[in-house]
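Structural characterization, general
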Amino acid sequence: LWRTKAGRWLGVHTRNIADTWDADIQKKNLDGSVSTDTGTFCIEQTWRMLSITLNTGLTRSNSSSAALILEAGMLRVEYQYYAKKNNPQGGEFEDHVGSATLSIPVKDGEPDLEMLYLSYFTNHGEGGRITLKRKQPDPSLPRTASGGR
């Protein structure tokens with residue numbers, strides 16, 4: 001019910017933002033240099049829960065808490081996450097915690113999920129921006145119960 005227009009008419013205003021995106025990551029390092037990476041960003045959602053993951057070749061980040069906020073015609077997701085290396089032996093990446101903000105424009109009362117921008121900061125003092133481009137659905141795959149692909 002919460003994912004339908006009828007539900008919103010009845011007063012249920014939670015927007016369904018569950019989906020998967022290609023992620024282009026730009027991280028500003030402590031020395032001022034910028035490093036880049038790519039990955040897959042995914043939001044899973046029920047009427048009372050958001051779960052956010054970011055997977056790259058080297059790391060996996062998982063949300064520990066998340067909130068969906070509607071303010072001034074714009075949706076915003078604010079979340080805390082922890083990130084770990086996929087291979088504990090590889091690379092200079094250090095496991096860390098951080099926070100992120102994802103802004104989602106709203107068109108005609110519905111979230112526009114095609115291209116999104118996320119800013120993040122880590123407990124190491126680093127930060128960055130992630131550009132998210134919605135993955136095109138595979139028509140042979142059914143949509144999941146949470147609304148994603």
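Below is a short write-up of the structure. (Residues numbered from 1 in each chain as written. Predicted model: local features only at pLDDT ≥ 70, side-chain atom pairs only at ≥ 80, totals over all residues. Heavy atoms only, no water.)

Another point: the overall build of the protein chain. The helix and strand inventory of the protein chain stands at 1 helix and 9 strands. Ordered by position from the N terminus, the helices and strands of the protein chain form the series α-β-β-β-β-β-β-β-β-β. Taking all 149 residues of the protein chain together, the buried fraction comes to 36%. Intrachain contacts of the protein chain at a sequence separation of at least 6 include 44% that bridge at least 24 residues. Total accessible area computed for the protein chain in this model is approximately 9100 Å², and 52% of it derives from carbon and sulfur atoms. (Helix = DSSP H or I, 4+ residues; strand = E, 2+ residues; numbered from the N terminus. Buried < 20%, exposed > 50% of the residue type's maximum accessible area, 1.4 Å probe, protein only. Contact = heavy atoms within 4.5 Å. Areas by Shrake-Rupley, 256 points an atom, 1.4 Å probe, with all protein chains shown as cover.)

We now examine the side chain of Thr 59. Positionally, Thr 59 belongs in strand β4 (residues 59-71). Setting aside anything within four residues of it in sequence, one finds Thr 59 in contact with Leu 54, Lys 84, Lys 85, Asn 86 and Phe 93.

Moving on to the nonpolar core. Counting 23 residues, the largest nonpolar core has Phe 41 and Leu 102 as the members making the most contacts within it. Here this core takes 5 residues from strand β5 (residues 74-85), the largest share from any one element. Look past the residues within four positions of Leu 102 in its chain and what remains in contact with it is Phe 41, Ile 43, Leu 75, Arg 76, Val 77, Leu 116, Tyr 117, Leu 118 and Leu 132. (Core = buried A, V, L, I, M, F, W, Y, C linked by side-chain atoms within 4.5 Å.)

What follows concerns the environment of Lys 27. You can see Lys 27 is positioned in strand β1 (residues 19-28). The sequence separation of Lys 27 and Gly 127 amounts to 100 residues, and the corresponding C-alpha distance is 5.8 Å. Apart from the residues lying within four places of it in its own chain, the contact partners of Lys 27 are Ser 33, Val 34, Ser 35, Tyr 120, Glu 126, Gly 127 and Gly 128. At 3.5 Å, the side chain of Lys 27 and the side chain of Asn 29 are in polar contact. (Polar contact = N/O pair within 3.5 Å; in protein donor to acceptor, adjacent residues only side chain to side chain.)

Pairing geometry for β1 and strand β9 (residues 127-134), over 8 bridges, is antiparallel. When the sheet's bridge partners are listed, Gln 26 is paired in β9 with Arg 129. Where strand β8 (residues 115-122) meets β9, 7 bridges bridge the pair, whose relative direction is antiparallel. The residue bridging Tyr 117 from the neighbouring strand is Thr 131, located in β9. (Pairing = 2+ DSSP bridges.)

One pass over the full model with this rule turns up 7 salt bridges. For the salt bridge of Arg 134 with Asp 19, the shortest nitrogen-to-oxygen distance reads 2.6 Å. Taken together, the positions of Arg 134 in strand β9 and Asp 19 in strand β1 put the pair 115 residues apart, joining distant regions of the chain. Under the relative-accessibility criterion, Arg 134 is labelled buried at 19%. Under the relative-accessibility criterion, Asp 19 is labelled buried at 1%. Across the pair Asp 112 and Lys 107 runs a salt bridge, and its minimum N-O distance is 3.2 Å. For Asp 112, a relative accessible area of 18% corresponds to the buried category. Lys 107 gets classed as exposed once you look at its relative accessible area, which sits at 54%. It is possible to trace a salt-bridge network through shared partners that takes in Asp 19, Glu 114 and Arg 134. (Salt bridge = Lys/Arg side-chain N within 4 Å of Asp/Glu carboxyl O.)

What follows covers the pairing of strand β3 (residues 50-56). A large share of β3 lies buried, amounting to 5 of its 7 residues. Relative to β3, strand β2 (residues 34-45) runs antiparallel, the two being bridged by 7 bridges. If you follow Thr 40 over to β3, its bridge partner there is Asn 55. The antiparallel hairpin formed by β2 and β3 contains 4 residues in its connecting segment. In terms of strand pairing, β3 meets β4 through 3 bridges, oriented antiparallel. From the neighbouring strand, Thr 53 faces β4, where its bridge partner is Asn 62. The hairpin formed by β3 and β4 contains 2 residues between the paired strands.

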